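# An overview of the molecular structure
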Amino acid sequence: MTAWFEDVLEFGNAIRNNDAMSGGIGPNYPIGTALEIYRNNYRGNLQGALGLAYPVIRQLVGDEFFRMMAIMHIESRPSKSGNLHDYGAELSKFLASFPNAQELPYLPEIAKLEWACHMAYFAADIEPIDIVLLASIAPENQDRLRFLLNPACRIVRSSFPIVDIWQAHQPGMPEDFLIDLDSGPQIALVNRRNDVVRVEALSLPESAWLEEIESGATLWDATAVVLENHPDFDLESHLVNWIEQEILVDFDHEAKEN
Amino acid sequence: MDRRHVLTAAFGSLLAMSLMSGNANAADKMNMEKCWGIAKAGHNDCSSNKSAHSCAGQATKNNDPMDFVAVPKGTCNKIAHGSLEPGKAG
Amino acid sequence: MQPASHFLPVRAGIGLRAQHYEQVLEMLPPLGWVEVHSENFFEGGAALHTLIKVRENYPVSLHGVGMGLASPGPIDHQHLSALKRLCDRVQPAAVSEHLCWNSTGEFVVNDLLPFPYTRASLSHVSVRVEQVQEKIGRRLLIENLSSYLSFARSEMSEGEFLAELAKSTGCGILFDVNNLYVNSKNLGVDPESFIRALPSNAVMEYHLAGHSVRDGCLVDTHSDRVCNEVWDLYRLALQQVGNRPTLIEWDNDTPDLSVLLEEAGIAQSHMEHRHDSMV
């Protein structure tokens, strides 16, 4: 290894693991003072990133608890990207085994939902679906269509009312809410339209259809699977709605190339 | 179930939608403009930001010895655990 | 309103931060240009669309903080591709990064970290600067760092390193005057020889900012007005290097937009009166 690399690795370990450092010089003050500034920046930048990605978790547990949780998270899960917006993908997993959060069993699922929102916020822009082309597809080809979901779109299943909890913590919502955890499980749909990240609750057949589509099923296969268990599933109104909401943003069909 | 019937109905609505699409786009553009600075209940504000990146050093100390707060003290006390007593953790 | 140009005018600009987006877009103050941190606008959505609106009114400089040009491992191609896509969308007037590393290969320290300035590190950084320039298809500006420690292994000064880097890669130099001041106080760097070491024609931009003091060490917190000593150094740079696009940076305890505009006005007037002070 090149000699200067060793200095760099030693410096990195001094910041992250509080190791000693021999190759550095701090002429006007002890080297420890310099390292403390770097350690502070390191933790502060990651804490800041977690705070921006998880505003609901932060409100739920309070600033002090959040800070402590963030410090422990940083200890156990280092950053892997120069883009701070990538940091914190595993907070849900971390919370599931975080002893101090065991009283709040819904936290990991809220974290999963917030990460989906965070990803949606930065997801690539889309072109709206070509509705004229879609509507002109010949009847004999309709059932073999495959739809593509918006890259911002995520479905988060939970055994708790995560959509209600998330909504209650958005800016401008009344502060005096009360949510009954036993009010039932919710399936959240995250999407972004006109730059606004939205979260809404899906019914079972809705989520089943979207998940079929997400996994690459054709229009008819997805619909048939859902109709089997939910005979009153209304494809017509859902299709129109999900295209309007930019949840279905493209389709894949031979007709398109012609 | 009647595959033809389901798909014909759905594509009938898509056709109607495609005939309206010019108007819909205009309405969307107006929404975009109005989006600035408003926070619709239940949606996050589209002007909100996630600017995690800075080239400045941290102004606040983030590595103070941990004054360990073991108990969450936030809005979690407004989420009642039906089978246990409400707000136990808060 | 004249169309926003594809180069940075030799005027003062400000670092545009989220709390001022709306105000700047409404008021459209008479700024020469603005600079933002590239990584805050990667991919799509509200942040990028705001920046595109800003770009319709001002030349935009994209200032990266996450590339880690001196990291030991290979360059992060995902990061580089995201920067390339951002450049394609925004058509910036300048693209810059820092002379620093951020990744050990095992983990990333999301900060701007110094390294030993040696022949070996110079050739390592040169290769990576060239990779970036090739990918984005334009000249990259590299900024000098504020450092809180230096390395016994260094064979040259940071100024000499930057001069060599500019010579070997054709990159430009972003001269952060506050960083130089911080290093002069913390590490005993001589500001005049730093400025002498820089090839004037490679210096493409200045940065000015405030700092704070912690345990006898100056910390580059960008949390205050530019101090008198930094204004003095800036005037010295204007005389020795010449007028260049100059940025006021403020990241922590960000004040009202008017304070930033005031600071930018001071920089502007120093540029306009450069020859007056050359007695």
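Everything numeric here is computed off the predicted structure, so don't read it as measured data. (Residues numbered from 1 in each chain as written. Chains lettered and ligands numbered in written order. Predicted model: local features only at pLDDT ≥ 70, side-chain atom pairs only at ≥ 80, totals over all residues. Heavy atoms only, no water.)

## What to know about the interface of chain B and chain A
Chain B puts 55 residues into the contact, and the matching count from chain A is 73 residues. Carbon and sulfur atoms make up 61% of the area that chain B and chain A hide from each other, which totals about 5,800 Å². Ranking the residues of chain B by area buried against chain A places B:Phe11, B:Lys50 and B:Ile79 at the top, with a combined share of 13%. Applying the counting criterion to the chain B and chain A interface returns 1 salt bridge. On the surface where chain B and chain A come into contact, there are 24 residue pairs in polar contact (both at pLDDT 80 or more). Breaking the side of chain B that touches chain A down by element, the ones donating at least two residues are helix H1 (3–34) and strand E1 (79–80) of chain B. (Contact = heavy atoms within 4.5 Å. Buried area = accessible area lost by both parts, 1.4 Å probe. Salt bridge = Lys/Arg side-chain N within 4 Å of Asp/Glu carboxyl O. Polar contact = N/O pair within 3.5 Å; in protein donor to acceptor, adjacent residues only side chain to side chain. Helix = DSSP H or I, 4+ residues; strand = E, 2+ residues; numbered from the N terminus.)

## Digging into the sheet that holds strand E6 (residues 196–202) of chain A
All names here are of chain A. Ordered in space as E3-E5-E6, the 3 strands form an open sheet in which the pairing is antiparallel. Edge positions in the open sheet fall to strand E3 (154–158) and E6, since each of these has one partner strand only. Adjacent strand axes in the sheet meet at a mean angle of 25 degrees, parallel and antiparallel pairs treated alike. Of the pairings in the sheet, the one linking strand E5 (residues 186–193) to E6 comprises 7 bridges and is antiparallel in character. Each residue of the ladder has a partner; that of Arg193, found in E6, is Val196. (Pairing = 2+ DSSP bridges. Axes fitted to C-alpha atoms, helices over the stretch in contact; angles between N-to-C directions.)

## Focus on helix H1 (residues 3–16) of chain A
Structurally, the α-helix is built with 3.6 residues per turn, so residues lying three or four positions apart point the same way. Relative to the 20 Å expected for 14 residues at 1.5 Å per residue, H1(A) spans 21 Å between its end C-alpha atoms, a close match to the ideal helical length. Those residues of H1(A) not exposed but buried are A:Trp4, A:Phe5, A:Asp7, A:Val8, A:Phe11, A:Gly12, A:Ala14, A:Ile15 and A:Arg16. Tucked inside the fold, the buried residues of H1(A) contact helix H2 (31–53) and helix H4 (63–76) of chain A together with strand E5 (101–103), strand E6 (108–113), helix H4 (119–136) and strand E8 (150–151) of chain C. Of the residues flanking the end of H1(A), it is A:Asn18, one or two places downstream, whose phi is positive at about 60 degrees. (Expected span 1.5 Å × (residues − 1). Buried < 20%, exposed > 50% of the residue type's maximum accessible area, 1.4 Å probe, protein only.)

## Comments concerning the interface of chain A and chain C
Chain A puts 46 residues into the contact, and the matching count from chain C is 50 residues. Around 3,900 Å² of area is buried between chain A and chain C when both sides are counted, 60% of it from carbon and sulfur atoms. Applying the counting criterion to the chain A and chain C interface returns 2 salt bridges. At the junction of chain A and chain C, the tally comes to 21 residue pairs in polar contact (both at pLDDT 80 or more). Sorting elements by how many residues they give to the side of chain A that touches chain C places H1(A) first, with 12 residues. Inspection of the sheet shows strand E1 (residues 24–25) of chain A paired to E8(C) by 2 bridges, in the antiparallel sense. Paired with A:Ile25 across the bridge in E8(C) is C:Ser150.

## Some points on the side chain of A:Arg16
Tracing the sequence through the fold places A:Arg16 in helix H1. The side chain of A:Arg16 sits in the buried core without any salt bridge; A:Glu75 is the nearest counter-charge, 5.8 Å away. Here A:Tyr42 takes part through its side chain, which lies 2.9 Å from a polar atom of the side chain of A:Arg16. Engagement of the side chain of A:Arg16 in a polar contact is seen with the backbone oxygen of A:Glu75, the distance being 2.6 Å. With sequence-adjacent residues up to four places away left out, A:Arg16 is seen in contact with A:Tyr42, A:Arg43, A:Ile74, A:Glu75, A:Ser76, A:Arg77, A:Pro78 and C:Phe107. (Lys, Arg positive; Asp, Glu negative; His and termini not counted.)

## Brief notes about the environment of A:Glu211
Residues and elements named next belong to chain A. Assignment of secondary structure puts Glu211 in helix H10 (residues 204–214). Measuring from C-alpha to C-alpha, the distance between Glu211 and Ala222 comes to 8.6 Å, with 11 residues separating the pair along the chain. Excluding anything up to four places from it in sequence, Glu211 contacts Ile155 and Arg157.

## Notes on the side chain of A:His73
Residues and elements named next belong to chain A. Mapped onto the secondary structure, His73 falls in helix H4. At a separation of 3.0 Å, a polar atom in the side chain of His73 contacts the side chain of Tyr87. Beyond its immediate stretch of four places on either side in the chain, His73 contacts Leu50, Tyr87, Gly88, Glu90, Leu91 and Phe94.

## A short note on the sheet that holds strand E3 (residues 60–63) of chain C
Residue and element names in this part refer to chain C. One closed barrel holds the 8 strands; their spatial order is E1-E2-E3-E4-E7-E9-E10-E13, and the pairing between them is parallel. The average undirected angle you get between the axes of adjacent strands in this sheet is 30 degrees. By the bridge criterion, 4 bridges tie strand E2 (residues 34–37) to E3 in an arrangement that is parallel. Considered in E3, the bridge of Val36 is made with Leu62. Sheet strands in contact with helix H6 (residues 177–187) are strand E7 (141–143), strand E9 (172–176) and strand E10 (203–209), and its direction is about 60 degrees off that of E9.

## Quick look at the pattern of salt bridges
With the rule as written, the count across this model stands at 18 salt bridges over all chains. Measuring nitrogen to oxygen at the nearest pair gives 2.8 Å for the salt bridge that ties C:Arg17 to C:Asp251. One end of the pair, C:Arg17, is in the loop between strand E1 (12–15) and helix H1 (21–27); the other, C:Asp251, is in the loop between strand E13 (246–249) and helix H9 (257–272), and 234 residues separate them in sequence. Like C:Asp251, C:Arg17 is buried. Overlapping salt bridges, with partners in common, bring together A:Asp125, A:Arg192 and C:Arg89 in one network.

## A look at helix H8 (residues 228–240) of chain C
All names here are of chain C. Here H8 spans 18 Å end to end across 13 residues, near enough to the 18 Å set by a 1.5 Å rise per residue. Of all the positions in H8, only Val230, Trp231, Leu233, Tyr234, Ala237 and Leu238 are classed as buried. Angular distribution of buried residues about the axis of H8 spans 160 degrees; they occupy a single face of the element. Packed against the buried residues of H8 are E9, H6, helix H7 (191–197), E10, E13 and H9. Remark: Gly242 follows H8 within two positions and exhibits a positive phi of approximately 115 degrees. (Arc of directions from axis to C-beta.)

## Observations concerning the packing of aromatic side chains
Under the defined criterion, the tally for this structure stands at 21 aromatic pairs over all chains. Taking the centre distance of 6.0 Å and the plane angle of 65 degrees together, the rings of A:Phe11 and C:Trp101 count as edge-to-face. Residue A:Phe11 is found in helix H1, and its partner C:Trp101 is found in strand E5; the two belong to separate chains. Among the residues examined, A:Phe11 registers a relative accessible area of 0% and is labelled buried. Seen from their ring centres, C:Tyr117 and C:Phe161 are 5.3 Å apart, and the 50 degrees between their planes marks the pair as tilted. One end of the pair, C:Tyr117, is in the loop between E6 and H4; the other, C:Phe161, is in helix H5 (residues 158–169), with 44 residues separating them in the sequence. C:Phe161 carries the same exposure label as C:Tyr117, and that label is buried. Each residue in the set A:Trp4, A:Phe5, C:Phe115, C:Tyr117 and C:Phe161 is aromatic and connected to the rest through ring pairs, giving one cluster. Lying over the aromatic face of C:Phe107, A:Arg16 brings its terminal NZ or CZ to 5.8 Å of the ring centre. The side chain of B:Lys50 reaches across the aromatic face of A:Tyr121, ending 5.7 Å from its centre. (Phe/Tyr/Trp six-rings, centres within 6.5 Å; stacked < 30°, edge-to-face > 60°. Lys NZ or Arg CZ within 6 Å of the ring centre and 35° of its normal.)

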